[in-house]
Amino acid sequence: MNSKNTHSVHTVFILLIFCLFAVCSLFLVLIGANVYRGIVGKMDSNNETRATLSYVTNKVHSADSRDISVETLDGRQTLVIRSDLSGREYKTYIYYYDDYLMEYFTGAENGFSAGSGDRITPVSSFSMEKDGNRLNLSVSGENSRALALSLSLT
């Protein structure tokens, strides 16, 4: 009978070790998933910030440097890109509004009002400054990570 009790104690001990291993494995998986979620969130936010600068850079590069200006319209700092299509003048307005980078493409005769156009990317801030032949851009993503870029307009 003594060997039966010893066998039962060994079985219980092995089951306890197995349960401890299972619990530790579960915690390890949960910690790894949380770290992975954080890394993916930061990568997404960084990609959105870089995509914002890339988008504006491509818009600027597709235009003639004489057709680019930074103006204050409707109380907002606005990048204005003028273009001529089929003899008609158009304007593209790129500006920050309500936590988004916005773009509004319209005929030059139409006016500008904040909130018009399409939402491009979510950002927490966006600023621009034209200094001679240089366009300085600065953007902060939703994680408040700031990136800046200086473009030559020649």
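Residues numbered from 1 in each chain as written. Predicted model: local features only at pLDDT ≥ 70, side-chain atom pairs only at ≥ 80, totals over all residues. Heavy atoms only, no water.

J.: An account of unusual backbone geometry is needed here, citing residue identities and associated values.
T.: For Asp-74, which is not glycine, the phi torsion reads 55° and is therefore positive. Relative to the elements of secondary structure, Asp-74 occurs in the loop between strand 1 (68-73) and strand 2 (76-85). The phi dihedral of Ser-86 is positive, around 55°, even though this residue is not glycine. Along the polypeptide, Ser-86 turns up in the loop between strand 2 and strand 3 (88-97). Among the residues examined, Ser-86 registers a relative accessible area of 83% and is labelled exposed. (Helix = DSSP H or I, 4+ residues; strand = E, 2+ residues; numbered from the N terminus. Buried < 20%, exposed > 50% of the residue type's maximum accessible area, 1.4 Å probe, protein only.)

J.: Go over the nonpolar core with me, naming the residues and quoting the values.
T.: A general feature of soluble globular proteins is that nonpolar side chains tend to end up buried together. Within the largest apolar cluster, 17 residues are counted, with the highest numbers of intra-cluster contacts made by Val-56, Val-60, Leu-79, Phe-126, Leu-135 and Leu-137. Those elements giving two or more residues to this core turn out to be helix 1 (2-61), strand 2, strand 6 (125-131), strand 7 (134-140) and strand 8 (146-152). The contact partners of Val-56, leaving out residues within four places of it in the chain, are Leu-79, Ile-94, Leu-101, Phe-126 and Leu-137. Judged by nonpolar contacts, the second largest core, of six residues, contains Val-80, Tyr-95, Tyr-104 and Phe-112. (Core = buried A, V, L, I, M, F, W, Y, C linked by side-chain atoms within 4.5 Å. Contact = heavy atoms within 4.5 Å.)

J.: Any chance you could break down the confidence of the model for the protein chain for me, citing the residues and the numbers?
T.: Here the protein chain averages 88 in pLDDT, and 96% of its residues register 70 or above. Mean pLDDT values for the elements of the protein chain range from 87 in strand 8 up to 94 in strand 3. (pLDDT = per-residue confidence, 0-100.)

J.: Break down the sheet that holds strand 8 for me, citing the residues and quoting the values.
T.: Reading across the sheet, the three strands line up as 6-7-8 and stay open at both edges, with antiparallel pairing between neighbours. The sheet is open, and its two borders are formed by strand 6 and strand 8, each paired with just one other strand. On average, each strand axis in the sheet is tilted by 10° relative to the strand beside it, whichever way the strands run. Of the pairings in the sheet, the one linking strand 7 to strand 8 comprises seven bridges and is antiparallel in character. Pairing of Ser-138 across the sheet is with Ala-148, part of strand 8. (Pairing = 2+ DSSP bridges. Axes fitted to C-alpha atoms, helices over the stretch in contact; angles between N-to-C directions.)

J.: Before we move on, could you go through the pattern of salt bridges and cite the residues and values that matter?
T.: In this structure the tally under the stated criterion is four salt bridges. For Arg-66, the salt bridge identified is with Asp-64, shortest N-O distance 2.4 Å. Exposure remark for Asp-64: the relative accessible area of 31% places this residue in the partly exposed category. Here Glu-109 and Arg-88 are joined by a salt bridge, their closest N and O atoms 2.6 Å apart. Of this pair, Glu-109 sits in the loop between strand 4 (100-107) and strand 5 (118-122) while Arg-88 is found in strand 3, placing the two residues 21 residues apart along the sequence. (Salt bridge = Lys/Arg side-chain N within 4 Å of Asp/Glu carboxyl O.)

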